[in-house]
Amino acid sequence: MRKIIVGIDEVGLGAWAGPIYVAAVCFTSNSTIPPDVIIRDSKALSTAQRVRSSYFLRKHTLFAITRVPREIIDSIGIRKATIRGILSVIRKIRRKIYSRIDHGCEKNMLLHFQIDGN
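Parameters and conventions
Residues numbered from 1 in each chain as written. Predicted model: local features only at pLDDT ≥ 70, side-chain atom pairs only at ≥ 80, totals over all residues. Heavy atoms only, no water. Helix = DSSP H or I, 4+ residues; strand = E, 2+ residues; numbered from the N terminus. Buried < 20%, exposed > 50% of the residue type's maximum accessible area, 1.4 Å probe, protein only. Contact = heavy atoms within 4.5 Å. Salt bridge = Lys/Arg side-chain N within 4 Å of Asp/Glu carboxyl O. Phe/Tyr/Trp six-rings, centres within 6.5 Å; stacked < 30°, edge-to-face > 60°. Pairing = 2+ DSSP bridges. Axes fitted to C-alpha atoms, helices over the stretch in contact; angles between N-to-C directions. Core = buried A, V, L, I, M, F, W, Y, C linked by side-chain atoms within 4.5 Å.

A. Molecular detail of the overall build of the protein chain. Assigned secondary structure in the protein chain consists of three helices and four strands. Ordered by position from the N terminus, the helices and strands of the protein chain form the series β-β-α-β-α-α-β. For the protein chain, the spread of C-alpha atoms along the principal axes amounts to about 40 × 40 × 20 Å. With 118 residues in all, the protein chain has 25% of them scored as buried. Residue pairs at least 24 apart in sequence account for 63% of intrachain contacts in the protein chain once pairs closer than 6 positions are excluded.

B. Representation of the pattern of salt bridges within the structure. One pass over the structure, following the stated rule, counts three salt bridges. With a closest N to O distance of 2.9 Å, R70 and E71 form a salt bridge. A residue is classified by how much of its surface remains accessible, and R70, at 40% relative accessible area, is partly exposed. With a relative accessible area of 46%, E71 lands in the partly exposed category.

C. Summary view of the environment of L87. Mapped onto the elements, L87 comes out in helix α3 (residues 78-99). A residue is classified by how much of its surface remains accessible, and L87, at 44% relative accessible area, is partly exposed. Here the alpha-carbon distance between L87 and V22, two residues 65 residues apart in the chain, equals 9.5 Å.

D. Inspection of the packing of aromatic side chains at higher detail. Following the criterion strictly, the structure yields one aromatic pair and no others. Aromatic side chains F27 and F56 sit 6.4 Å apart centroid to centroid with 55° between the ring planes, which places their arrangement in the tilted category. Of this pair, F27 sits in strand β2 (residues 20-27) while F56 sits in helix α1 (residues 47-60), and the two are 29 residues apart along the sequence.

E. Structural detail: the sheet that holds strand β4 (residues 109-115). Taken together, the four strands give an open sheet; going across it, the order is β3-β2-β1-β4, and neighbouring strands pair in mixed fashion. Two strands lie at the open edges of the sheet, namely β3 (61-68) and β4, each paired on one side alone. Direction aside, neighbouring strands of the sheet carry axes that sit 20° apart on average. Where strand β1 (residues 2-11) meets β4, seven bridges bridge the pair, whose relative direction is parallel. Paired with K3 across the strands is L110, a residue of β4. Running at roughly 150° to β3, α3 makes contact with β1, β2, β3 and β4 of the sheet.

F. Broad picture of the nonpolar core. Counting residues in each nonpolar core, the largest one holds 20 residues, and the members touching the most others are I4, V6, I8, I93 and I97. Counting residues per element, the ones that place at least two in this core are β1, β2, β3, α3 and β4. The element that contributes the greatest number of residues to this core is α3, accounting for six residues. With near-sequence residues (within four places) excluded, V6 lies in contact with A24, V25, C26, I93, I97, H112, F113 and Q114.

Read these as spatial facts, not as claims about activity.
Structure below.
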C-alpha cells in the first residue's frame, strides 16, 4: 500500500480579526530537497530563503489553500471555524491527489494527514 503524507497548517488563529487560512501540502515525488532550500516555519526564514523554498514547494508539491472568513469565525467560534477550514482543505487536496493518479488506485493508497497544533 502506498502511503502519502499530507502536512496541514493554519495561519491567523491568533489574530484579533479573521480570516483563517488553512493549507495542505504533499510532495508529488521523491524529490531531493537541495541544500539551499529550507523547509520549516517561514517565520524562521530570511526573505531569500522563503523565496527559494516557496519556488521549490510550488514546483514539487501538490497544495491546497482554504479561507475561513471572519463572519464564520464570529458565528461558530475559532475552534469550530478552524476545524471547518481543515476539513475543507482535506477535501481539496484529496481531489488534487486523486486526479493525479490512475483511476482505481486510490484503494491501494493511504492518505495520512499530519496536522500542526492541537
